[in-house]
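Listed below, chain by chain, are the residues.
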Amino acid sequence: MGNQRVYNFSAGPSMLPLEVLERAGAEITNYQGSGMSVMEMSHRSKVFQKIFDDAQAKFRKLFQVPEGYKVLFLQGGASTQFSMAPLNLIGATGKADYAVTGNFSNIAYKEAKKYGEISLAASSADRNHTYIPAQDQLKLDPEASYFYYCANNTIYGTEWQYVPETGSVPLVCDMSSDILSRPVDVSKYGIIFAGAQKNMAPAGLTVVIIKEELAGHELPYTPLMMNYKTMIEKDSMYNTPPCWCIYILGLVLDWLESKGGVPGMEKIKHGKAQMLYDVIDSSRLFHCAVEPGSRSDMNVVFRTGNEELDAKFVAESIEAGFTNLKGHRSVGGMRASIYNAMPVEGVEKLCDFIQKFDKAN
Ligand SMILES: *Cc1c(COP(=O)(O)O)cnc(C)c1O
């Protein structure tokens, strides 16, 4: 069943563990004797409620979500959180701090300006987003309602290696492309959110972890469906939640647990990334522009410096059984997204391929 699968390096939606797809396939017409697919069930049914509760409990356990925080299963993608966070939080002081380290934090920054006074606490635009600003480069306003940053920059291939220290100002973090790849001290955050389609489940689900006391201070014109309070009170079931995605998330979390949970995943993913960076750094042809110390373990960007050669690499990689290695259209070059579900041998084979291309050209 799985033997014609390609090594898919897509930045998102990205690959899911084969075991998860096979289990979902086996259960697709008749979920555990219910006589129906999870896609066909009432979200208010007992059988679905159990799927929902189990997924939430497993997420809490594996991500170590402490008391006082709620795990929400929402829709609208990570991008909806770019508006939802300011709508709900900025009322505290009318101000917020943003670190812009790439494409998505820049969109979030521009969006937030509609709702309050937004300061650019840091930007890596001066060196084309090839680094993450250090703590002492952050211009912090102690009166900010929150400090916003994006943990892993999917397009530029950078990742924060530290948690910003902001005193009593709550942290709001977009972890769409590295959630569940490394342990996180959730108690340091006000809100963590992530679109599911990189490391968790199919597109259509956004997981939000929110410190409950932050909800309930939304701006008066906040849409009903964008009010964290509504979603906390109704346990994400004000309306129909993304049922199928929640079910798959549960399967992915079972798989993650079998791999040693988040600490197990951290070792595996770091090994994969290190292997790839070593091959790139020791090649003649390829280089990675991201500064060491800021490099992402999830999205590895590299290039030859010659567009034709890059195109040749991408074309030959497709013939060799790899897909989606072309870099984002805004950056060019190549990008290998090696999320949790990318098997180690996929990265090993890519490393071989890079070395062979390096010798042949
Ligand atoms: C993919 C991505 C987004 C956008 O997610 P959508 O679910 O498509 O809105 C936002 N932030 C980061 C870091 C991403 O990788």
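Residues numbered from 1 in each chain as written. Predicted model: local features only at pLDDT ≥ 70, side-chain atom pairs only at ≥ 80, totals over all residues. Heavy atoms only, no water.

Draft legend 1. Representation of the pairing of strand E3 (residues 95-100) in the model. Across the 6 residues that make up E3, a large majority, 6, are buried. By the alternation rule, side chains of E3 split into Lys95, Asp97 and Ala99 and Ala96, Tyr98 and Val100, which are all buried. Pairing analysis gives 6 bridges linking E3 to strand E4 (residues 117-123), with the strands arranged parallel. Across the sheet, the residue bridging to aspartate 97 is serine 119, located in E4. Each parallel crossover has a hand, and for E3 linked through helix H4 (residues 103-112) to E4 it is right-handed. Pairing of E3 with strand E5 (residues 147-150) involves 2 bridges; the strand directions are parallel. (Buried < 20%, exposed > 50% of the residue type's maximum accessible area, 1.4 Å probe, protein only. Helix = DSSP H or I, 4+ residues; strand = E, 2+ residues; numbered from the N terminus. Pairing = 2+ DSSP bridges. Right-handed = clockwise from strand over helix to strand, strands pointing away.)

Draft legend 2. Inspection of the site of the ligand at higher detail. In the vicinity of the ligand, 13 residues are found, and the nearest of them are Ser79, Thr154, Asp174, Gln197 and Lys198. Contact between the ligand and glutamine 197: an oxygen atom at 2.9 Å from a side-chain N or O atom of the residue. Lysine 198 has a polar side-chain atom sitting 2.7 Å from an oxygen atom of the ligand. Starting from 390 Å² of accessible surface for the ligand in isolation, the protein chains cover 85%. Tallied by class, the residues present in the shell around the ligand amount to 4 nonpolar, 7 polar and 2 charged. (Near = heavy atom within 4 Å. Polar contact = N/O pair within 3.5 Å; in protein donor to acceptor, adjacent residues only side chain to side chain. Areas by Shrake-Rupley, 256 points an atom, 1.4 Å probe, with all protein chains shown as cover. Nonpolar A, V, L, I, M, F, W, Y, C, P; charged D, E, K, R; others polar.)

Draft legend 3. Region of interest: unusual backbone geometry. Note that the residue after glycine 12, namely proline 13, is joined by a cis bond; omega there is -10 degrees. Structurally, proline 13 can be placed in the loop between strand E1 (7-8) and helix H1 (18-26). Positive phi outside glycine occurs at aspartate 235, with the angle close to 50 degrees. Here aspartate 235 is to be found in the loop between helix H5 (228-233) and helix H6 (243-258). Under the relative-accessibility criterion, aspartate 235 is labelled partly exposed at 21%. The backbone phi angle of asparagine 324 is positive, close to 65 degrees, even though this residue is not glycine.

Draft legend 4. Spotlight on the packing of helix H2 (residues 46-62) against H6. Remark: H2 packs on H6, axes separated minimally by 9 Å, with the N-to-C direction vectors making an angle of 45 degrees. In terms of their interaxial angle, H2 and H6 are classed as oblique. You can see that H2 and H6 cross each other, and the crossing is left-handed. Contacts between H2 and H6 involve Phe48, Ile51, Phe52, Ala55, Lys58, Phe59, Lys61 and Leu62 on the former and, on the latter, Cys243, Ile246, Tyr247, Gly250, Leu253, Asp254, Leu256 and Glu257. Residues of the contact of H2 with H6, tallied by class, amount to 11 nonpolar, 1 polar and 4 charged. (Axes fitted to C-alpha atoms, helices over the stretch in contact; angles between N-to-C directions. Parallel < 35°, antiparallel > 145°, perpendicular 65-115°, else oblique. Left-handed = near helix turned anticlockwise from the far one by under 90°. Contact = heavy atoms within 4.5 Å.)

Draft legend 5. A look at a nonpolar patch on the surface. On the surface, a nonpolar cluster with roughly 270 Å² of combined accessible area is contributed by Leu224, Met225 and Tyr238. Mapping methionine 225 onto the fold places it in the loop between strand E10 (206-211) and H5. (Patch = residues over 30% accessible without salt bridge, like charges linked within 9 Å, V, L, I, M, F, W, Y side chains within 5 Å. Salt bridge = Lys/Arg side-chain N within 4 Å of Asp/Glu carboxyl O.)

Draft legend 6. Geometry of the side chain of threonine 304. Within the secondary structure, threonine 304 is located in the loop between strand E11 (299-302) and helix H8 (307-319). The class for threonine 304 is buried, based on a relative accessible area of 13%. Polar side-chain contacts of threonine 304 include one of 3.0 Å to the backbone oxygen of asparagine 306. A polar contact is formed between the side chain of threonine 304 and the side chain of aspartate 310, at a distance of 2.7 Å. Those residues in contact with threonine 304 that lie beyond four places of it in its chain are Leu285, Phe286, His287, Leu309, Asp310 and Met334.

Draft legend 7. Structural detail: helix H3 (residues 77-89). Taking 1.5 Å per residue, 13 residues should reach 18 Å; H3 reaches 19 Å between its end C-alpha atoms and fits that length. All buried positions along H3 are accounted for by Ala78, Gln81, Phe82, Ser83, Met84, Ala85, Pro86, Leu87, Asn88 and Leu89. (Expected span 1.5 Å × (residues − 1).)

Draft legend 8. Spotlight on the pattern of salt bridges. Considering all chains together, one arrives at 16 salt bridges under this definition. We note a salt bridge from aspartate 178 to arginine 182, for which the minimum N-O separation is 3.2 Å. Two residues, lysine 312 and glutamate 316, come together in a salt bridge whose shortest N-O distance is 3.9 Å. Of the two residues, lysine 312 and glutamate 316 both sit in helix H8, 4 residues apart, roughly one turn of that helix. Judged by relative accessible area, which is 35%, lysine 312 ranks as partly exposed. With relative accessibility at 30%, the residue glutamate 316 sits in the partly exposed group. Overlapping salt bridges bring together Arg23, Glu27, Lys58 and Asp254 as one network.

Draft legend 9. Spotlight on the side chain of serine 177. Examined against the element boundaries, serine 177 turns out to sit in the loop between strand E8 (171-174) and strand E9 (191-195). Classification of serine 177 as buried rests on a relative accessible area of 2%. A polar contact of 2.9 Å, which involves the side chain of serine 177, links it to the side chain of asparagine 152. Those residues in contact with serine 177 that sit more than four places away from it in its chain are Asn152, Thr154, Lys198, Asn199, Met298, Asn299 and Tyr339.

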